[in-house]
Amino acid sequence: EFQFLNLASVFSSIVFALIGVVVFGLCFVIIDKLTPYQLWLEIVEKQNMALGMVVAALCLGISIIVAAAIQVKLILLCGNTFLLMMAVAFKKATDS
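All figures in this text were calculated on a predicted structure; none of them were measured in a lab.

A short note on the overall build of the chain
- A count of helices and strands for the chain gives 4 helices and 0 strands.
- Along the chain, helices (α) and strands (β) appear in the sequence α-α-α-α when read from the amino end.
- The buried share among the 96 residues of the chain stands at 11%.
- Of the contacts formed within the chain by residues at least 6 apart in sequence, a portion of 61% connects residues at least 24 apart.
- Taken as a whole, the chain presents about 7,800 Å² of accessible surface, with 75% of it coming from carbon and sulfur.

Structure representation (structure tokens):
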């Protein structure tokens, strides 16, 4: 039997989540510096809804990229375990 919830899995999930948040924050700061105006000031104080939607789309895009990068890193780190879990799941699905 596989243990899907163990201490190592929880710890690695927390570490990868923190890495994702840090990378996302850095990307937001870089985008803020590259724009000719301050994003936070425009969105919060000036209530610029159009810019808010553009920044929301940027945030979703950055989040998807960071999540994909973390997932690939996790698969590379745990490649054999991942393949073994997929093989066992496939075998159980075909046995029934």
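Description of the pattern of salt bridges
- Scanning all chains against the criterion turns up 1 salt bridge.
- Salt-bridge contacts for K46 lead to E42; the nearest nitrogen and oxygen are separated by 3.3 Å.
- Taking relative accessible area as the criterion, E42 reaches 15% and is therefore assigned buried.

Details of the side chain of E42
- Tracing the backbone through its elements, the reader meets E42 in helix α2 (residues 39–45).
- Setting aside residues no more than four positions away along its own chain, E42 makes contact with Y37, Q47, N48 and L51.

The rules behind each value
- Residues numbered from 1 in each chain as written.
- Predicted model: local features only at pLDDT ≥ 70, side-chain atom pairs only at ≥ 80, totals over all residues.
- Heavy atoms only, no water.
- Helix = DSSP H or I, 4+ residues; strand = E, 2+ residues; numbered from the N terminus.
- Buried < 20%, exposed > 50% of the residue type's maximum accessible area, 1.4 Å probe, protein only.
- Contact = heavy atoms within 4.5 Å.
- Areas by Shrake-Rupley, 256 points an atom, 1.4 Å probe, with all protein chains shown as cover.
- Salt bridge = Lys/Arg side-chain N within 4 Å of Asp/Glu carboxyl O.

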